[in-house]
Amino acid sequence: MTDVNAQLLPGQLAELVTLFERGRVAVLTGAGMSTDSGIPDYRGAGTPPRTPMNIAQFTDDPHYRQRFWAGARIGENRMSVVEPNAGHRALARLEAAGHIDGVITQNVDGLHARGGARNVVELHGGGGIMRCIQCGERWTRTEVLGWFDTLNPGYAERNADAEIAPDGDALVSEVESVRVPLCPGCGGTLRPDVVYFGETVPLPVFAAAADIVERSSALLVAGSSLAVNTGMRLVHKTERQGNPLAVINRGPTAVDSRPSLAVRIDAGTSETLTALADALGA
Ligand SMILES: [Zn+2]
């Protein structure tokens, strides 16, 4: 059972500081990193199980695409108020002070860069970018939402009061009439530039993450239960290098019984990373 009130213990902080004093640490972050920014963690405590988005729905089902764009349009105003939290800023401080080389993240929310991190490897891409399935051209989500507004005049205003589900889906009734924006270059289908369930992380992206691990003397996992395969590949790489793991996560993770686990902190990432950056004078 996850204890959402779990506290950071002083002894654990000292262990983490010691790990950072040994050399540069690679950092891998997951959904738990962004919960203090108001983005729900579907694998965390008290949240219902969720079916991961499947790219086949996106490519094969026009109704699904209509629902996606309706939700994106109505959810946009809510997402625009999301801000990086103290944990994102603490990692940026650790990077600036040379304790970490950058941040590897499973999140698609873009909050590490907005929180000041300079070298960010987004394993699953960025939700703020859309890509044409046919020709590969990319646009910002904001740009494409502008096209949506042109195609669907008055839509956002008419549905401004629609309820937003915890997974960000808008519970809109006006879906059948939605006109979906297409690629202005080739007329192709636009999709979020993120790695969906069943898709693989692009090779250059994984290579950039592996490089950070290669140059580091430990791997710190922050806010992830490591249910995602790519995260485990970075764990295995760390172990092959003979380096230790540290984990900050509320609730159990896939590496809790591994011999390489040197530090295990069951507490929030915001308070733990802030305390770490403070202790290191970053
Ligand atoms: Zn195209």
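Residues numbered from 1 in each chain as written. Predicted model: local features only at pLDDT ≥ 70, side-chain atom pairs only at ≥ 80, totals over all residues. Heavy atoms only, no water.

A. Layout of the overall build of the chain. A tally of regular secondary structure across the chain gives 10 helices and 11 strands. For the chain, the residues scored as buried account for 48% of the 282 residues in total. A separation threshold of at least 6 residues defines the contact pool for the chain, and within that pool the share at least 24 residues apart is 71%. Surface exposure of the chain reaches about 13,300 Å², of which carbon and sulfur atoms provide 52%. (Helix = DSSP H or I, 4+ residues; strand = E, 2+ residues; numbered from the N terminus. Buried < 20%, exposed > 50% of the residue type's maximum accessible area, 1.4 Å probe, protein only. Contact = heavy atoms within 4.5 Å. Areas by Shrake-Rupley, 256 points an atom, 1.4 Å probe, with all protein chains shown as cover.)

B. Layout of the confidence of the model for the chain. Taken as a whole, the chain shows an average pLDDT of 88; of its residues, 89% reach a score of 70 or greater. Scored below 50 in pLDDT, residues 44-50 makes 7 contacts in the model with residues more than four places away or belonging to other chains. (pLDDT = per-residue confidence, 0-100.)

C. Local environment of unusual backbone geometry. The backbone of L226 sits at a positive phi, close to 60 degrees, despite the residue not being glycine. Here L226 lies in the loop between β9 (218-222) and α9 (229-240). The exposure class of L226 is buried, given its relative accessible area of 2%.

D. Summary view of the UniProt feature "binding site: Zn(2+)" (unreviewed entry) in the chain. Look at the UniProt record and you will see "binding site: Zn(2+)" (unreviewed entry) annotated at C132, C135, C183 and C186. For this annotated set, covering 55 residues, all C-alpha atoms fall within 8.6 Å of each other, a compact arrangement in space. Examined against the element boundaries, C135 turns out to sit in the loop between β4 (125-132) and β5 (138-140). Topologically, C183 is positioned in the loop between β7 (170-171) and β8 (190-194). (UniProt positions renumbered as here; feature names shortened; annotations may be inferred.)

E. Summary view of the pattern of salt bridges. Applying the stated criterion across every chain, the model contains 13 salt bridges. Close ionic contact of E199 with R191 constitutes a salt bridge, the shortest N to O distance being 2.8 Å. Between E271 and R250 there is a salt bridge, and its shortest N-O distance comes to 3.3 Å. Pair noted here: E271 is in helix α10 (residues 269-279) and R250 is in the loop between β10 (245-248) and β11 (261-265), with a separation of 21 residues, a long-range link. E271 gets classed as partly exposed once you look at its relative accessible area, which sits at 33%. Three or more residues are tied together by salt bridges with common partners; here these are R24, D101 and R215. (Salt bridge = Lys/Arg side-chain N within 4 Å of Asp/Glu carboxyl O.)

F. Region of interest: the side chain of H112. On the secondary structure map, H112 appears in helix α5 (residues 111-114). Reaching out from H112, the side chain makes a polar contact with the side chain of T29 at a distance of 2.9 Å. Apart from the residues within four sequence positions on either side, H112 is in contact with T29, M33, H88, L91, V103, T105, A117 and V120. (Polar contact = N/O pair within 3.5 Å; in protein donor to acceptor, adjacent residues only side chain to side chain.)

G. A look at the sheet that holds strand β3 (residues 120-122). Reading across the sheet, the 6 strands line up as β3-β2-β1-β9-β10-β11 and stay open at both edges, with parallel pairing between neighbours. The open sheet terminates on both sides in strands that have one partner only, identified here as β3 and β11. Sheet twist, expressed as the average angle between the axes of neighbouring strands with direction ignored, equals 15 degrees. When strand β1 (residues 25-29) meets strand β2 (residues 100-105), the two strands line up parallel, connected through 4 bridges. Bridge pairing in β2 places V27 opposite V103. The sheet strands contacting helix α8 (residues 203-214) are β1, β2 and β3, and the helix crosses β3 at an angle near 135 degrees. (Pairing = 2+ DSSP bridges. Axes fitted to C-alpha atoms, helices over the stretch in contact; angles between N-to-C directions.)

H. How the structure looks around the layout of surface pockets. Taken as a whole, the second largest pocket holds about 190 Å³ of empty space. Contributing to the lining of the second largest pocket are 15 residues, with G125, R131, D193, V195 and P202 lying nearest its centre. Listed by contribution, the elements that provide at least two residues to the lining of the second largest pocket are β4 and β8. Of the residues that constitute the lining of the second largest pocket, the class distribution is 5 nonpolar, 4 polar and 6 charged. Both of domain 1 (1-39 + 85-124 + 201-282) and domain 2 (50-81 + 127-194) provide at least three residues apiece to the lining of the second largest pocket. (1 Å grid on protein atoms, 1.4 Å probe; cavity = no way out; pocket = protein on both sides within 12 Å on 5 of 7 lines; lining within 4 Å. Points joined across faces, edges and corners; volume = space filled by probe spheres on them. Nonpolar A, V, L, I, M, F, W, Y, C, P; charged D, E, K, R; others polar. Domains from an automatic or database assignment.)

I. Examining the nonpolar core more closely. Counting 26 residues, the largest nonpolar core has L16, F20, L91, L94, L220, L273 and L276 as the members making the most contacts within it. Among the elements of the structure, α1 (10-21), β1, α4 (86-96), β2, β9, β10, β11 and α10 are those that each provide at least two residues to this core. The element best represented in this core is α1, accounting for 5 residues. Here L94 is in contact with F20, H99, I100, L276, A277, L280 and A282, once residues within four sequence places are set aside. Counting residues in each nonpolar core, the second largest holds 23 residues, with I55, F148, A162 and V194 among its members. (Core = buried A, V, L, I, M, F, W, Y, C linked by side-chain atoms within 4.5 Å.)

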